[in-house]
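Examination of the molecular architecture
As a plain string of letters, each chain reads:
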Amino acid sequence: MAYRLVIFDFDGTLADSADWFISMANEVARRFRFRQISDDEVAMLRGRSSREVVAYMRVPAWKMPFIARHTRRLVAENTSEIPLFPESPTLIRTLHEAGVALALVSSNSEANVRKILGPELAACIDHYACGASMFGKSPQFRKVIRRTGARPPEVLSIGDETRDIEAAHRAGIDSGAVTWGYARPEILEAHRPTFLFSSMQDIPRVILGQR
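Residues numbered from 1 in each chain as written. Predicted model: local features only at pLDDT ≥ 70, side-chain atom pairs only at ≥ 80, totals over all residues. Heavy atoms only, no water.

Quick notes on helix 1 (residues 18–32)
Our working rule: In this text, helices come from DSSP runs of H or I with a minimum length of four residues, and strands from runs of E with a minimum of two, each type numbered from the N-terminal end. Residue count minus one, scaled by 1.5 Å, sets the expected span of a helix. What the bend at a residue measures is the angle between two axes, fitted to the seven residues ending there and to the seven starting there. By the convention used here, residues are in contact when the closest approach between their heavy atoms is within 4.5 Å.
For helix 1, built from 15 residues, the straight-helix expectation of 21 Å at 1.5 Å per residue is met to within 8% by its first-to-last C-alpha distance of 20 Å. Along helix 1, the sharpest change in direction is near 40° and occurs at Ala25. Where helix 1 is buried, its residues touch helix 4 (64–77). Phi turns positive one or two residues past the end of helix 1, at Arg33, with a value near 60°.

Below, the structure is given as structure tokens:
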């Protein structure tokens, strides 16, 4: 086994939620008075880093906790509209049955994540660290690593945004970037993840040392 602990992002990685979040973006922008964006701008921003997206939309840092809280509430009201990717259940079960410790670090709430996963898959996740700030995942990574007793070389973080790669770098762990979520492959690759996954089926092979 190449990795003892795998830390997953949720939205855009296991849950097919990117389009839902984009559909809500202008409603949230109106409420919190930051820049609204057109469909053309959405396409352009998918090729930018997470920090560039925030700067482009002119979101003040002090508003971000309030925006996050409001967004989590919107998700709670609309979980039926946010499905898992079709391959996610098989991925979670495969890793769990192979004895890999699974953690989930997300800006979403634990209640929302568990509801979308459903009871069976939620029980396969050993550690939850939810409600993380947008650029505050690395402390949560370190907390999960300490909790499991894993060493950093035994840990892989998997997410769909550049901020996930940055958080893994800061925590001193390997990173996997998936191309089916929010960000385009070229911007993910530019941030130098350890692995760039274009298929969910490739993930178990890397984690279980079958690459």
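Concerning unusual backbone geometry
Counted only if it meets this: Using a 1.4 Å probe on the protein chains alone, a residue whose accessible area is under 20% of its type maximum counts as buried, one over 50% counts as exposed, and one in between counts as partly exposed.
The phi torsion at Arg33 lies on the positive side, around 60°, for a residue other than glycine. Within the fold, Arg33 resides in the loop between helix 1 and helix 2 (39–45). Residue Arg33 is classed as exposed on the basis of its relative accessible area, which comes to 74%.

Regarding the sheet that holds strand 2 (residues 101–106)
In plain terms, the rule: Note: two strands are recorded as paired if DSSP finds a minimum of 2 bridges between them. Angular values range over 0 to 180 degrees, each being the angle between N-to-C directions of two axes fitted as lines to C-alpha atoms, with helices fitted over their stretch in contact.
One open sheet accounts for six strands, arranged 3-2-1-4-5-6; its pairing is parallel. The two strands at the open ends of the sheet, each matched to only one other strand, are strand 3 (127–130) and strand 6 (195–197). Averaged over all neighbouring strand pairs, the angle between strand axes comes to 20°, with direction disregarded. Of the strand pairs in this sheet, strand 5 (residues 174–178) and strand 6 are connected by three bridges, and their pairing is parallel. By the bridge assignment for strand 6, Gly176 is matched with Phe195.

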